[in-house]
Amino acid sequence: MPHFNVECSENVLSQLDAQSLAEAVHRAALSTEHFAEDNIQIKVKACDGYFIGGKRQDFVSVFASILGGRSAEQKTALSKAVVLKLCELLPKVDRIHVNVTELQKGTGFSRSQL
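An account of the accompanying structure is given in this report. (Residues numbered from 1 in each chain as written. Predicted model: local features only at pLDDT ≥ 70, side-chain atom pairs only at ≥ 80, totals over all residues. Heavy atoms only, no water.)

### Considering the sheet that holds strand 3 (residues 59-67)
With mixed pairing, four strands are arranged side by side in an open sheet as 2-1-3-4. The open sheet terminates on both sides in strands that have one partner only, identified here as strand 2 (41-47) and strand 4 (95-103). Within this sheet the neighbouring strands show an average axis-to-axis angle of 15°, counted without direction. Pairing analysis gives six bridges linking strand 1 (residues 3-9) to strand 3, with the strands arranged antiparallel. Bridged to Asn5 within strand 3 is Phe63. Seen against the sheet, helix 2 (residues 18-31) touches strand 1 and strand 2 and runs at an angle of roughly 140° to strand 2. Most of the contacts of helix 3 (residues 72-89) go to strand 4, to which it runs at about 150°, and overall it touches strand 1, strand 3 and strand 4. (Pairing = 2+ DSSP bridges. Helix = DSSP H or I, 4+ residues; strand = E, 2+ residues; numbered from the N terminus. Axes fitted to C-alpha atoms, helices over the stretch in contact; angles between N-to-C directions. Contact = heavy atoms within 4.5 Å.)

Structure follows, in structure tokens:
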């Protein structure tokens, strides 16, 4: 049930289209072997207004929400796998980062539970 929300500067999508970006994050997450492929969800959103480090520069920010229970090492491995994959595909983008947060079981609800 990991959710990955990817935000990037609009110029990033001229280097790598949104679908390819989503698929890259998917492959990286799957490579950690922590998640079932059917459960991985990725959404990509380009930002047209941003100011980073005092100027307009390209970025990719990945916000991962996963169920709790994984070790710090597993979360770091996930972050690193995604960053490495994106650095490989977007060598001109200096600002690439991943933030992993944990969701508590029993605090959310989805249609599949109806």
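### So, the side chain of Thr32
Among the structural elements, Thr32 can be located in the loop between helix 2 and strand 2. There is a polar contact of 2.7 Å between the side chain of Thr32 and the backbone oxygen of Ala29. With residues near it in sequence (within four places) discarded, Thr32 still touches Ala77, Leu78 and Ala81. (Polar contact = N/O pair within 3.5 Å; in protein donor to acceptor, adjacent residues only side chain to side chain.)

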